[in-house]
Amino acid sequence: MNFPKQEFTLTWCKQPDVGIPKPDLILFLQLSPSDAMKRGDFGNERYENRHFQEQVLRQFNELMQDENLNWKVMDASQCIDDLHQEIKSHTEKVMEQVGDNPIRDLWR
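What counts and what doesn't
Residues numbered from 1 in each chain as written. Predicted model: local features only at pLDDT ≥ 70, side-chain atom pairs only at ≥ 80, totals over all residues. Heavy atoms only, no water. Helix = DSSP H or I, 4+ residues; strand = E, 2+ residues; numbered from the N terminus. Buried < 20%, exposed > 50% of the residue type's maximum accessible area, 1.4 Å probe, protein only. Contact = heavy atoms within 4.5 Å. Areas by Shrake-Rupley, 256 points an atom, 1.4 Å probe, with all protein chains shown as cover. Core = buried A, V, L, I, M, F, W, Y, C linked by side-chain atoms within 4.5 Å. Expected span 1.5 Å × (residues − 1). 1 Å grid on protein atoms, 1.4 Å probe; cavity = no way out; pocket = protein on both sides within 12 Å on 5 of 7 lines; lining within 4 Å. Points joined across faces, edges and corners; volume = space filled by probe spheres on them. Nonpolar A, V, L, I, M, F, W, Y, C, P; charged D, E, K, R; others polar.

Caption draft 1: Structural view of the overall build of the chain. Helix and strand counts for the chain stand at four helices and two strands. Taking all 108 residues of the chain together, 21% fall into the buried category. Residue pairs at least 24 apart in sequence account for 76% of intrachain contacts in the chain once pairs closer than 6 positions are excluded. Split by element, the accessible area of the chain, about 8100 Å² in all, is 48% carbon and sulfur.

Quick look at the structure:
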């Protein structure tokens, strides 16, 4: 599926989330499209094709340039136990840091 270029802009992608509570942490489990294609049932969903997934990954990479957000990129191809420990570690650290900080709006 191809989206017209003007519709698949970063601004377009961000619109549904403008004004929601800003997350304290964003965990991005990164898996290359070629690795994702090796997993069972890839391609059964409407947007599971290499071209679309590459477009989505480009948009996420652009979103991650926002230094006002706390992105943590993790290798989703690692074993589940290692990934679990990494997620737990990042989450516990952020929970300690945020305490009673005020909740802010996202992208306002």
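This is not the end of the story, as more comes after the structure.
Caption draft 2: Spatial organisation of the environment of Val73. Locating Val73 in the fold gives a position in strand S2 (residues 71-75). Using a relative accessible area of 42% as the deciding quantity, one classes Val73 as partly exposed. The spatial distance from the C-alpha of Val73 to the C-alpha of Ile26 is 8.5 Å, given a sequence separation of 47 residues.

Caption draft 3: Spotlight on unusual backbone geometry. Not every positive phi belongs to a glycine, and Trp107 is a case in point at roughly 55°. On the secondary structure map, Trp107 appears in the segment after helix H4 (80-98). Trp107 gets classed as partly exposed once you look at its relative accessible area, which sits at 23%.

Caption draft 4: Focus on the nonpolar core. Among the nonpolar cores identified, the biggest contains nine residues, and these are Leu10, Ile26, Phe28, Leu57, Leu63, Met64, Leu69, Trp71 and Leu106. Sorting the residues of this core by element identifies strand S1 (26-30) and helix H3 (50-63) as the ones contributing at least two each. In this view, Trp71 contacts Ile26, Phe28, Phe60, Leu63, Met64 and Asp66; residues no more than four positions away in its chain are not counted.

Caption draft 5: The environment of Gln53, seen in detail. With respect to the helices and strands, Gln53 occurs in helix H3. Taking relative accessible area as the criterion, Gln53 reaches 27% and is therefore assigned partly exposed.

Caption draft 6: Structural context of H4. Its 19 residues give H4 an end-to-end C-alpha distance of 27 Å, which sits within 8% of 27 Å, the value for a rise of 1.5 Å per residue. Lining the buried residues of H4 we find S1 and S2. Phi turns positive one or two residues past the end of H4, at Gly99, with a value near 45°.

Caption draft 7: Main features of the layout of surface pockets. Of the volumes computed, that of the largest pocket is approximately 290 Å³. Along its surface, the largest pocket is lined by Lys22, Pro23, Asp24, Asn68, Leu69, Asn70, Val98, Gly99, Asn101, Pro102, Ile103 and Arg104. Residue classes in the lining of the largest pocket are distributed as five nonpolar, four polar and three charged. Lining the second largest pocket we find 15 residues, and of these Cys13, Asp17, Phe60, Leu63 and Trp107 sit closest to its centre. Here the lining of the second largest pocket takes four residues from H3, the largest share from any one element.

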